[in-house]
Amino acid sequence: MLGSLRTRPQDYVVKVTATLGKPEHHGAGLLLTQDGYFVSTYHIANDILARKSMDTTQLHITYDGHDYPLDPRVDITYQPAKDLFLAKADIRGPPRPTNIKLAEPNVGEPIKLYSKPGGRNYHSTGKVLSTDCNTRTECGLLQGQMLTSAPSFKGCSGGIYADERNAIVGMVAFSSNRNSGGPKSSDIERLIDETMKKYR
């Protein structure tokens, strides 16, 4: 069970591990609810998510030093075209949201990048360069992504971008030494809405 609610968005960044052969794939994700719903980038686990019969033990998150496998009772929602997936880790807790806020990115605004490459905390800063960038990744052509000047590197995928008000404006999906970018907060919101429709 999770401890008391935190107030900073980086407190809800989790390590995501996908195990299908060697080497393991590591990245990050964002914890959305106290009972384990989280969102991350699809390419971290695409080899597992694309299988017709997925072993939920092959994908787990690490939060506060504890490992949580996927909850096998809950379907995974994914959007490869936006490089996103939403799943539920098997965490005992109330079905209430964490203290995160989402906001749309604006060109020129300062942002902070938070991730967990290999489970270590990583932080960088930059500005939003574009909110309508097209880039080619292992998921294919991603359209309408945000681009930032915050430096990043392999293993940071699934990390978050936060604005000066600590609202989350996007998620890291591609990176280089000079720039990084990924889906915007509106893409995350659409994925959440799509998931909730299954349970209405």
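As the structure is a computational prediction, the values presented were derived from the model and not from experiment.

Conventions and cut-offs
- Residues numbered from 1 in each chain as written.
- Predicted model: local features only at pLDDT ≥ 70, side-chain atom pairs only at ≥ 80, totals over all residues.
- Heavy atoms only, no water.
- Helix = DSSP H or I, 4+ residues; strand = E, 2+ residues; numbered from the N terminus.
- Contact = heavy atoms within 4.5 Å.
- Polar contact = N/O pair within 3.5 Å; in protein donor to acceptor, adjacent residues only side chain to side chain.
- Buried < 20%, exposed > 50% of the residue type's maximum accessible area, 1.4 Å probe, protein only.
- Phe/Tyr/Trp six-rings, centres within 6.5 Å; stacked < 30°, edge-to-face > 60°.
- 1 Å grid on protein atoms, 1.4 Å probe; cavity = no way out; pocket = protein on both sides within 12 Å on 5 of 7 lines; lining within 4 Å.
- Points joined across faces, edges and corners; volume = space filled by probe spheres on them.
- Pairing = 2+ DSSP bridges.

A. Inspection of the environment of tyrosine 122 at higher detail. Inspection of the secondary structure puts tyrosine 122 in strand β9 (residues 122-137). It is 9.9 Å that separates the C-alpha atoms of tyrosine 122 and glutamine 10, two residues lying 112 residues apart in sequence. Other than its neighbours up to four places away in sequence, tyrosine 122 contacts Leu113, Tyr114, Ser115, Pro117, Pro151, Ser152, Phe153 and Cys156. A distance of 2.9 Å separates the side chain of tyrosine 122 from the backbone oxygen of proline 151, its partner in a polar contact.

B. Region of interest: the side chain of threonine 17. Following the sequence through the fold, threonine 17 ends up in strand β1 (residues 13-18). Taking the relative accessible area as the measure of exposure, threonine 17 reaches 2% and is therefore buried. At a separation of 3.3 Å, a polar atom in the side chain of threonine 17 contacts the side chain of histidine 26. What threonine 17 contacts, discounting residues up to four positions off in sequence, is Glu24, His25, His26, Gln58, Leu59 and His60.

C. Representation of the packing of aromatic side chains. For the structure shown, the criterion picks out three aromatic pairs. Taken together, a centroid distance of 5.6 Å and an interplanar angle of 35° make the contact between tyrosine 42 and tyrosine 78 tilted. Taken together, the positions of tyrosine 42 in the loop between β3 (37-40) and α1 (46-49) and tyrosine 78 in strand β6 (residues 77-79) put the pair 36 residues apart, joining distant regions of the chain. Exposure remark for tyrosine 42: the relative accessible area of 8% places this residue in the buried category. For tyrosine 78, a relative accessible area of 37% gives the class partly exposed. A centroid spacing of 4.9 Å and a plane angle of 75° characterise the contact between tyrosine 122 and phenylalanine 153, whose relative ring orientation is edge-to-face.

D. Geometry of the layout of surface pockets. Of the voids in this model, the second largest pocket is the one considered here, and its volume is about 250 Å³. Forming the walls of the second largest pocket are 16 residues, and the residues nearest its centre are Gln10, Asp11, Val13, Lys116 and Asn121.

E. Geometry of the pairing of strand β2 (residues 25-31). By the criterion of burial, β2 is predominantly enclosed, with five of the seven residues buried. As paired strands, β1 and β2 are joined by six bridges and run antiparallel to one another. Directly across from valine 14, in β2, lies its bridge partner glycine 29. The pairing of β2 with β3 spans three bridges and is classified as antiparallel.

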